[in-house]
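# Structural characterization, general
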Amino acid sequence: MSFQPVLVSNGIAGWRFLQRTYDSQLQSFSKSAARNREADYFTDKIGTVKSAEDLVSDRRLLQVALGAFGLQDDINNTYFVRKILEDGTTSPDALANKLSDKRYREFSKAFGLGPGEIRTTGLVTFMEDIVARHEAAGFETAIGTQDESLRIALYAQHELKALAEDRSGENAKWFSLMGVPPLRQMMETALGLPSGLGRIDIDQQLEIFKDKLQELTGSDSISQFTDPETVEKITIAYLARAQINSQVIGTSAAQNALTLLGAAFR
């Protein structure tokens, strides 16, 4: 039987409980037989990988490698993944550098299989970090099967901090955030922005995001997310709005059903 996370509620109450029990639940999740087999296989075999072809040709290795970066849905896109790895990240023309979703750049850089890069697949410490990331991402996915908003909230805890610590400029950080679907969804919801915002000019989007974040936290800088209290503030805003939105959708659906039933009995 696969591990099932324990969630007592959704929204802010569910988040508080998950924060209190995160370490013990993650430990239980990681100790499952299936997860242990995945981790052991990756640890034993990853050192033999010397090229992008080696990695994509072993589905079990690739599953862990992609899962560590939340890219598990690309498991069947082997040509695309191979190209990401073979191009590396050192050239501005590398595919990973052209994509708005910077998880691909992080994924490619982690294994060092591109031209002029240092291959890391033989470095035990680096690969142990990949396994740990895979475990955390897998737990987030398990949470998401019960509550997608809590999965996104968990993901944002480490990704917002990592983005804030990046050495790129503020606008570059914003564009990175806007290009990662879970972070963008969280920010749009937390700031009360419409999902159709992405259809307008990218520079206009940037200004709207900045203005709304300024209203909420007093700053329009992504760098403020090095502060756990600020991350928590945006998380609570996100969960509160997400819960309200789900209730509105649920109410609308129920009203529609009642309308249809009423029509049927006229």
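Residues numbered from 1 in each chain as written. Predicted model: local features only at pLDDT ≥ 70, side-chain atom pairs only at ≥ 80, totals over all residues. Heavy atoms only, no water.

Enumeration over the complete set of coordinates arrives at 13 salt bridges. Note that arginine 35 is salt-bridged to glutamate 38, the shortest N-O span being 3.7 Å. On the criterion of helical spacing, the pair formed by arginine 35 and glutamate 38 is a turn pair, its members being three residues apart in helix H2 (residues 33–45). Judged by its relative accessible area of 12%, arginine 35 is buried. Judged by its relative accessible area of 23%, glutamate 38 is partly exposed. One salt bridge connects arginine 184 with glutamate 188, and the closest N-O pair in it is separated by 2.9 Å. (Salt bridge = Lys/Arg side-chain N within 4 Å of Asp/Glu carboxyl O. Helix = DSSP H or I, 4+ residues; strand = E, 2+ residues; numbered from the N terminus. Buried < 20%, exposed > 50% of the residue type's maximum accessible area, 1.4 Å probe, protein only.)

We note that the domain assignment places domain 1 (11–135) and domain 2 (148–248) within the protein. The distance between the C-alpha centroids of domain 1 and domain 2 comes to 24 Å. Taken together, the contact pairs 14 residues of domain 1 with 17 residues of domain 2. At the boundary of domain 1 and domain 2, one finds one salt bridge. Residue arginine 16 is joined to glutamate 232 by a salt bridge in which the shortest nitrogen-to-oxygen separation is 2.5 Å. Remark: the boundary between domain 1 and domain 2 carries three residue pairs in polar contact (both at pLDDT 80 or more). Ranked by residues supplied to the side of domain 1 that touches domain 2, first place goes to helix H1 (residues 11–30) with eight residues. Of the residues belonging to the side of domain 1 that touches domain 2, the class tally is four nonpolar, four polar and six charged. (Domains from an automatic or database assignment. Contact = heavy atoms within 4.5 Å. Polar contact = N/O pair within 3.5 Å; in protein donor to acceptor, adjacent residues only side chain to side chain. Nonpolar A, V, L, I, M, F, W, Y, C, P; charged D, E, K, R; others polar.)

Another aspect to go through is the packing of helix H11 (residues 181–190) against helix H12 (residues 202–217). The relative placement of two packed helices comes down to the angle between their axes together with the axis-to-axis distance. One way to put it is that H11 packs onto H12 with a least axis distance of 10 Å and a crossing angle of 55°. By the angle between their directions, the pair H11 and H12 is classed as oblique. Between H11 and H12 lies a crossing of left-handed hand. Contacts between H11 and H12 involve Arg184, Met187 and Glu188 from the former and Gln205, Phe209 and Leu213 from the latter. (Axes fitted to C-alpha atoms, helices over the stretch in contact; angles between N-to-C directions. Parallel < 35°, antiparallel > 145°, perpendicular 65-115°, else oblique. Left-handed = near helix turned anticlockwise from the far one by under 90°.)

On to the layout of surface pockets, then. Considered as a void within the structure, the largest pocket measures approximately 570 Å³ in volume. Elements represented by at least two residues in the lining of the largest pocket include exactly helix H7 (103–111), helix H9 (148–165) and helix H10 (170–179). Among the residues making up the lining of the largest pocket, the classes are represented as seven nonpolar, two polar and nine charged. Each of domain 1 (11–135) and domain 2 (148–248) gives at least three residues to the lining of the largest pocket. Looking at the second largest pocket, its volume works out to about 400 Å³. Together, 22 residues line the second largest pocket, and Phe69, Gly70, Ala137, Glu140 and Tyr155 are the ones closest to its centre. Those elements giving two or more residues to the lining of the second largest pocket turn out to be H7, helix H8 (124–144) and H9. With six residues, H8 is the largest single contributor of residues to the lining of the second largest pocket. Looking at which domains feed residues into the lining of the second largest pocket, each of domain 1 (11–135) and domain 2 (148–248) gives three or more. (1 Å grid on protein atoms, 1.4 Å probe; cavity = no way out; pocket = protein on both sides within 12 Å on 5 of 7 lines; lining within 4 Å. Points joined across faces, edges and corners; volume = space filled by probe spheres on them.)

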